[in-house]
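This is what each chain is made of:
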Amino acid sequence: MTDMTPLAEADPTLAAMIAKDADRQRSNLQLIASENFVSRAMMQASGSVLANKYSEGYPGRRYYEGCAVIDEIESLAIDRAKSLFGADHVNVQPHSGSQANMAAYLAVLEPGDTILGMRLDQGGHLTHGSPVNFSGQLFNFVAYGLDDETEQIDFDNVRAIAHEHKPKMIIAGYSAYSRLIDWSQFRAIADEVGALLLVDAAHIIGLIAGGAHPSPVPYADIITATTHKALRGPRGGLIMCRDEHAEVIDKAVFPYAQGGPINHQIAGKALCFKQAATPEFSTYAHQVVRNASVLADAMAGAGARIVSGGTDNHMFLTDLRSIDEDLTGMEAASFLDEMGITLNRNSIPSDPRSAFVTSGVRIGTPSVTTAGMKQEQMVTLGNAIVELLRKRNEPTTLQHLRARVAELAAEFPAYPVDFVGYV
Ligand SMILES: Cc1ncc(COP(=O)(O)O)c(C=O)c1O
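Calculation notes
- Residues numbered from 1 in each chain as written.
- Predicted model: local features only at pLDDT ≥ 70, side-chain atom pairs only at ≥ 80, totals over all residues.
- Heavy atoms only, no water.
- Pairing = 2+ DSSP bridges.
- Helix = DSSP H or I, 4+ residues; strand = E, 2+ residues; numbered from the N terminus.
- Axes fitted to C-alpha atoms, helices over the stretch in contact; angles between N-to-C directions.
- Near = heavy atom within 4 Å.
- Polar contact = N/O pair within 3.5 Å; in protein donor to acceptor, adjacent residues only side chain to side chain.
- Areas by Shrake-Rupley, 256 points an atom, 1.4 Å probe, with all protein chains shown as cover.
- Nonpolar A, V, L, I, M, F, W, Y, C, P; charged D, E, K, R; others polar.
- Expected span 1.5 Å × (residues − 1).
- Buried < 20%, exposed > 50% of the residue type's maximum accessible area, 1.4 Å probe, protein only.
- Domains from an automatic or database assignment.
- Contact = heavy atoms within 4.5 Å.
- Buried area = accessible area lost by both parts, 1.4 Å probe.
- Salt bridge = Lys/Arg side-chain N within 4 Å of Asp/Glu carboxyl O.
- Left-handed = near helix turned anticlockwise from the far one by under 90°.
- Patch = residues over 30% accessible without salt bridge, like charges linked within 9 Å, V, L, I, M, F, W, Y side chains within 5 Å.
- Lys, Arg positive; Asp, Glu negative; His and termini not counted.

Peer 1: So what's going on with the sheet that holds strand β8 (residues 196-200)? Which residues, and what values?
Peer 2: Two strands in a sheet stick together by hydrogen bonds in their backbones, pointing the same way (parallel) or opposite ways (antiparallel). Here 7 strands make up an open sheet; going across it, the order is β4-β10-β9-β8-β7-β5-β6 and the pairing mixed. In this open sheet, the two strands that pair with only one neighbour each are β4 (89-91) and β6 (140-144). With direction set aside, neighbouring strand axes in the sheet form an average angle of 20 degrees. Bridge count between β8 and strand β9 (residues 222-226): 3 bridges; the pairing is parallel. In the strand pairing of β9, Leu 198 is matched with Ile 222.

Peer 1: For the site of the ligand, give the residues involved together with the corresponding values.
Peer 2: As a matter of local geometry, the ligand sits amid 13 residues, with Gly 97, Ser 98, Ser 175, Asp 200 and Lys 229 nearest to it. Contact between the ligand and Ser 98: an oxygen atom at 2.7 Å from a side-chain N or O atom of the residue. The side chain of Asp 200 places a nitrogen or oxygen atom 2.6 Å from a nitrogen atom of the ligand. For the ligand, the protein covers 84% of the area, taking 390 Å² as the surface of the free molecule. In terms of residues, the shell around the ligand owes the most to one element, helix α5 (residues 97-108), which gives 3 residues. Classifying every residue of the shell around the ligand gives 2 nonpolar, 9 polar and 2 charged.

Peer 1: Residue-level account of α5, with values.
Peer 2: Note: α-helices contain 3.6 residues per turn, so residues at a spacing of three or four share the same orientation. The end-to-end C-alpha separation of α5 is 17 Å, in line with the 16 Å expected for 12 residues at 1.5 Å each. Residues of α5 that are buried: Gly 97, Ala 100, Asn 101, Ala 103, Ala 104, Tyr 105, Leu 106 and Ala 107. One side-chain oxygen of the residue at the start of α5 lies 3.3 Å from the amide nitrogen of Ser 98, identifying that residue as Ser 96.

Peer 1: So, the domain arrangement of the protein chain: which residues are in play, and what are the values?
Peer 2: For the protein chain, the assigned domains are domain 1 (44-276) and domain 2 (279-411). A C-alpha centroid distance of 28 Å is found between domain 1 and domain 2. Domain 1 puts 25 residues into the contact, and the matching count from domain 2 is 27 residues. Counting each side, the surface lost to burial between domain 1 and domain 2 is near 2100 Å², with a carbon and sulfur contribution of 52%. Scanning the region where domain 1 abuts domain 2 turns up 2 salt bridges. When the shortest N-O distance is used, the salt bridge between Arg 305 and Glu 151 registers 3.0 Å. The tally of links from domain 1 across to domain 2 stands at 17 residue pairs in polar contact (both at pLDDT 80 or more). When contributions to the side of domain 1 that touches domain 2 are tallied by element, the ones reaching two or more residues are α9 (205-209) and α11 (263-276). Top element by residues in the side of domain 1 that touches domain 2 is α9. It accounts for 3 residues. The residue makeup of the side of domain 1 that touches domain 2, split by class, is 11 nonpolar, 10 polar and 4 charged.

Peer 1: So what's going on with the packing of α5 against helix α10 (residues 246-257)? Residues and values would help.
Peer 2: With their axes 8 Å apart at the nearest point, α5 and α10 run at an angle of 115 degrees to one another. For the pair α5 and α10, the sense of crossing is right-handed. In contact with Gln 99, Met 102, Ala 103, Ala 104, Leu 106, Ala 107 and Val 108 of α5, α10 contributes Val 248, Ile 249, Ala 252, Val 253, Tyr 256 and Ala 257. By residue class, the composition of the contact of α5 with α10 is 12 nonpolar, 1 polar and no charged.

Peer 1: Any chance you could break down the sheet that holds strand β15 (residues 360-364) for me, citing the residues and the numbers?
Peer 2: One open sheet accounts for 4 strands, arranged β11-β12-β15-β14; its pairing is antiparallel. This sheet does not close on itself; its edge strands, each paired only once, are β11 (305-306) and β14 (344-346). Relative to strand β12 (residues 315-319), β11 runs antiparallel, the two being bridged by 2 bridges. Considered in β12, the bridge of Arg 305 is made with Asp 319.

Peer 1: Describe in detail the pairing of strand β5 (residues 114-118), supporting the description with residues and values.
Peer 2: In terms of residue burial, β5 counts as a mostly covered element, since 5 of its 5 residues are buried. With 5 bridges joining them, β5 and β6 adopt parallel strand pairing. Its bridge partner lying in β6, Ile 115 is registered against Phe 141.

Peer 1: Let's hear about a nonpolar patch on the surface: which residues, and what values?
Peer 2: On the surface, Tyr 54, Tyr 63 and Tyr 64 cluster together to form a nonpolar patch covering roughly 370 Å² of accessible area. Assignment of secondary structure puts Tyr 63 in the loop between β3 (61-62) and α4 (68-85). The class of Tyr 63 is exposed, set by a relative accessible area of 64%.

Peer 1: Any details on the side chain of Lys 229? Residues and values, ideally.
Peer 2: Mapped onto the elements, Lys 229 comes out in the loop between β9 and β10 (237-241). Look at Lys 229: it is buried, it has no salt bridge, and the nearest opposite charge is Asp 200 at 7.1 Å.

Here's what the structure looks like:
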């Protein structure tokens, strides 16, 4: 029989490291906008024996024997995703959001084609044309930006650049944009210039599933997403598309961009789509949005400038210069982590500092909402963040604020004490 020694005995060093990170997740407040806490059932599905199986191909068309159950599981995931999002066609094999984007671009474009996406320093993702990413090297990316004053998508700018460059694809959907996205405007511009519309819903797919953000399904030709952010599923990617693109999308994922599917993660995706179709998940998604809005308002009330004036989704950016001219995103994120609040630095629109240093932090509520926090805690947290940053050089005040943050984390733990996620 296979070795059944538990991890704690088989590799105490590694087991201790996992336990240490479980403690970090429990003891710090997790405000990274792209993270979440998965359920115990999710860990069981994605930590299962399905990890042992090779299954290159698709349900009913595999290159390996023994795939009958894998076919059932992948079909279950596909059917649940189709029903959850109302999509014509779904591919659940992408290993990540980046792999989903790679496959989607290569399915319908040729290297060298022009793609129009959001400027990376205004909210776009690396896979939207960064020169250090495959996207920027394989395709000719042109970029639209935000309106200088409102810090919201400037559709006149999108339209003008689209008409000038006639891209084959337009990308909407971002890593750091806090406002609702009007898909119909993107659809109209794409139609005017004969472009495909790809929605990268990596960040907001959970809100879409829960009905807390309008769905791009009626508007987009192709939608890519991740399953591990607000959707609260396993780490992985997803592509949805109209029937006419189904065949090229499937071929681009396998055999073009990937090999064997990660079956234990696909099982996790099947579970995730079931969980996301419940009324409880819809309540959760709406609470994520409400929490982000109250947190942003609390910080604004305490004197912090929120980029674009607030948020309609699960996250927002704070311009740290409104708290202290000299405070950088780098310093603020590192200091807050020490104080028990984990988030990430982020460029703000027209940031005078580099992408490594930045003048902002990105704050998101999916994780703390999963932990059970509501508006009341967001007010406490918002005030604490601004006060901590303002008084970061006053040790006695810090002690008291640090204690308040620790109390919040203890009251709303991510997981029970000692839980590490495996049995
Ligand atoms: C808009 C967007 N697209 C794609 C991705 C890539 O996802 P992954 O990290 O799974 O490759 C991200 C990740 O944060 C994202 O924000």
